[in-house]
Amino acid sequence: MSARRTGTRERLFAAAMELIGQRGTDAVTVDEIAAAAGVAKGTVYYNFGSKNELVAQLLEYGMALLMDALRPGHAQARGDLGTTGGDFGATRGDLGATRGDLDATRGDLGEVRGMVERALGFIEAYPAFVRLWMGEQWRADGAWQPVLSAMRARVLAEIRAALERLAARRRPREGQDLDMVALAVFGAAFVVGTDRAADRARPLGPSVEAVVGVVAGAFEAPEQARAAPRKSTSHQ
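Conventions and cut-offs
- Residues numbered from 1 in each chain as written.
- Predicted model: local features only at pLDDT ≥ 70, side-chain atom pairs only at ≥ 80, totals over all residues.
- Heavy atoms only, no water.
- Helix = DSSP H or I, 4+ residues; strand = E, 2+ residues; numbered from the N terminus.
- Contact = heavy atoms within 4.5 Å.
- Salt bridge = Lys/Arg side-chain N within 4 Å of Asp/Glu carboxyl O.
- Buried < 20%, exposed > 50% of the residue type's maximum accessible area, 1.4 Å probe, protein only.
- Arc of directions from axis to C-beta.
- Axes fitted to C-alpha atoms, helices over the stretch in contact; angles between N-to-C directions.
- Parallel < 35°, antiparallel > 145°, perpendicular 65-115°, else oblique.
- Left-handed = near helix turned anticlockwise from the far one by under 90°.
- 1 Å grid on protein atoms, 1.4 Å probe; cavity = no way out; pocket = protein on both sides within 12 Å on 5 of 7 lines; lining within 4 Å.
- Points joined across faces, edges and corners; volume = space filled by probe spheres on them.

Asker: In this structure, what is going on with the overall build of the protein? I would like to understand it.
Answerer: Check the secondary structure of the protein and you find 12 helices and 0 strands. Across the protein, helices and strands are ordered from the amino to the carboxyl terminus as α-α-α-α-α-α-α-α-α-α-α-α. Residue pairs in contact within the protein that sit at least 24 positions apart in sequence constitute 70% of those at least 6 positions apart.

Asker: What is the right way to look at the pattern of salt bridges in this model?
Answerer: Where charged atoms from two side chains of opposite charge come close, those side chains can pair. Under the counting rule described, the total for this entry stands at 13 salt bridges. We note a salt bridge from Asp 179 to Arg 160, for which the minimum N-O separation is 2.8 Å. Here Asp 179 is found in helix H10 (residues 178-198), whereas its partner Arg 160 is found in helix H9 (residues 145-167), with 19 residues between them in sequence. Linking Arg 171 and Glu 220 is a salt bridge whose minimum nitrogen-to-oxygen distance equals 3.0 Å. Here Arg 171 is found in the loop between H9 and H10, whereas its partner Glu 220 is found in the loop between helix H11 (204-218) and helix H12 (222-227), with 49 residues between them in sequence. Per residue, the accessibility class of Arg 171 equals that of Glu 220, and both read buried. Each of the salt bridges in this network shares a partner with another, and the network as a whole consists of Asp 108, Arg 169 and Arg 170.

Asker: How do you make sense of helix H2 (residues 30-37) when you look at a structure like this?
Answerer: Counting along an α-helix, one turn takes 3.6 residues, and residues three or four places apart therefore face a common direction. Taken as a whole, H2 has its buried residues at Val 30, Ile 33, Ala 34 and Ala 37. Buried residues of H2, viewed axially, fall in a sector of 95 degrees; they line one side. Turned more than 90 degrees away from the buried face of H2 sit Ala 35 and Ala 36, all of them exposed.

Asker: Hey, could you run me through the packing of H9 against H10 in this one?
Answerer: Between two packed helices, the angle of one axis relative to the other and the distance separating the axes together describe the packing. Taken N-terminus to C-terminus, the directions of H9 and H10 make an angle of 120 degrees; their axes are 9 Å apart at the nearest point. The pairing of H9 with H10 is recorded here as oblique in orientation. The way H9 lies across H10 gives a crossing that is right-handed. On the side of H9, the interface is formed by Arg 152, Val 155, Leu 156, Ile 159, Arg 160, Leu 163, Glu 164 and Ala 167, while H10 contributes Leu 178, Asp 179, Val 181, Ala 182, Leu 183, Val 185 and Phe 186.

Asker: What is the right way to look at empty space enclosed by the protein in this model?
Answerer: Using a probe with the size of a water molecule, rolled over the atoms, empty space left in the structure can be pinpointed. Overall, the coordinates contain 1 cavity of 30 Å³ or more when judged by the stated rule. Approximately 110 Å³ is the volume attributed to the largest cavity. What lines the largest cavity is simply Leu 66, Leu 70, Met 115, Val 116, Ala 119, Ile 123, Val 155, Ile 159, Val 185, Phe 186, Ala 189 and Phe 190. At the level of elements, helix H4 (51-70), helix H7 (110-125), H9 and H10 are the ones that each hand at least two residues to the lining of the largest cavity.

The analysis is restricted to geometry; functional conclusions fall outside its scope.
And the structure:
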C-alpha cells in the first residue's frame, strides 16, 4: 500500500473514531466521516467499501495498538485514533514524576502493575476508541460482535498469561479462578481508565494501584505462598 493511501486511511480512521466515539455508529454518516477527514465521499468506499467495513477495520487497527501497549517494553503507540493528548508516550508522561521506575517494576506484582499502567495510558490517549468499543461490546444486535468478541478474548488472554506467571511465584487464594480474576482486571481497568480520562486531575499512580489491588487480593501474600504447598490453578 502506498504511503499516500496509508495516510488517507489513517485520516479516515481518526475522523471516524472521533465522530463515532462521540455519537455512536448509527448516528454518523459516510458523508460526515469524509468531510471530517478532508476527502471525497467516494474515497471512503474506495478504501473500505462500506461504513461497516471501515468500523470493523478501525476496531482491528485500534486493537493492534492496544495489544502492543499491553506488552512489556512498549514505548509509544503508533498511528492516530483521535488522540486527545498527543502521542501515547506524551500522554503517559514521565513515570519518574508519578511512581518512579523502581516503583513500577518492584515486587511480584511488577508485571501486572506495568500492564495496568500502560492500559490506563492507552485509554487516556484514545478515549474515542474505548467509547466505541465499550458502546458496541454488549449490543446483542451489533454488526461487529465477531470482531469485538475476538478483541475481548485477546485482551483477556494477555491478562490471564500475566496472572499465570504471577501464580508461579504466588499462590492464588482459595476459591479464586484466574479467568474470573482476568475478567475483573479487564473491567476495573476500563472503568477506572475511562473515568480518569474524563477527569485529568486524577493522578495515574492511585488509579493504577486501585486496579492492581484486584490482583493483589486474589493472591496470597508472598510469605504465605512460601509457607504453604502449591496447588494447580488450571481448570479440570
